[in-house]
Amino acid sequence: MIDDLKSRLEEAFPDAEVAVAGEGNRFEVHVVSAAFEGLSRVARQRAVYAVIGDLIASGAIHAVTIRASTLDENP
């Protein structure tokens, strides 16, 4: 599942640095992308959720923590 999440996010955000961690059906996702410039935190999370929402709806993912940041915000 980690590989599937990572490849989906890399396809949706081609310029992004993507990190996925977790086990079972609980995951943490960190996406760093210029695509998030000017977007609110909620808008960024919605953009990521749009890519993986079907996995959440199906129950394949029970819980996900999303961190979405711009290149300038990434430490």
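All chains use their own residue numbering, which begins from 1 and follows the written sequence. Per-residue local features of the predicted model are confined to residues with pLDDT of at least 70, and side-chain atom pairs are confined, for both listing and counting, to 80 or more; whole-chain, interface and lining totals are unaffected and use all residues. Hydrogens and water molecules were not included; the side-chain quantities draw on all heavy atoms of the structure.

### A word on the overall build of the protein chain
When you go through the protein chain residue by residue, the secondary structure sums to 2 helices and 3 strands. Helix and strand labels come from DSSP, where a helix needs a run of H or I of at least four residues and a strand needs a run of E of at least two; each type is numbered from the N terminus. Along the protein chain, from the amino end to the carboxyl end, the secondary structure elements read α-β-β-α-β. The globule rule used for comparison is 2.2 Å times the number of residues to the exponent 0.38, while the radius of gyration itself is calculated over C-alpha atoms. Taken against the 2.2 N^0.38 rule, which gives 11 Å for 75 residues, the C-alpha radius of gyration of the protein chain at 12 Å falls within 12% of a compact globule. Taking the principal axes of the C-alpha coordinates as reference, the protein chain spans close to 30 × 20 × 20 Å. We call a residue buried when its accessible area falls under 20% of the maximum for its residue type, exposed when it is over 50%, and partly exposed in between, using a 1.4 Å probe and counting protein chains only. Within the protein chain, buried positions represent 32% of all 75 residues. Sequence separation of at least 24 residues holds for 55% of the intrachain contacts in the protein chain that already meet a minimum separation of 6. Of the roughly 4600 Å² that the protein chain leaves accessible, carbon and sulfur atoms contribute 49%. Side chains of the protein chain carry 7 positive and 12 negative charges; the gap between the two charge centres is 8 Å. Here, residues are in contact when the closest pair of their heavy atoms is within 4.5 Å. The Shrake-Rupley method, run with a 1.4 Å probe sphere, supplies the accessible areas, and residue values consider only the shown protein chains as cover. Charge counting treats Lys and Arg as positive and Asp and Glu as negative, with His and both chain ends excluded. Charge placement uses NZ in Lys and CZ in Arg. For Asp and Glu, CG and CD serve respectively.

### Quick notes on the pairing of strand 3 (residues 63–69)
Bridging between strand 2 (residues 26–32) and strand 3 involves 7 bridges; their strand directions are parallel. Counterpart to V32 in the pairing with strand 3 is S69. A right-handed crossover is one whose linking path, passing over the helix from the first strand to the second, runs clockwise when the strands point away from the viewer. With helix 2 (residues 41–58) bridging strand 2 and its parallel neighbour strand 3, the resulting β-α-β unit is right-handed. If DSSP finds at least two bridges between two strands, the strands pair.

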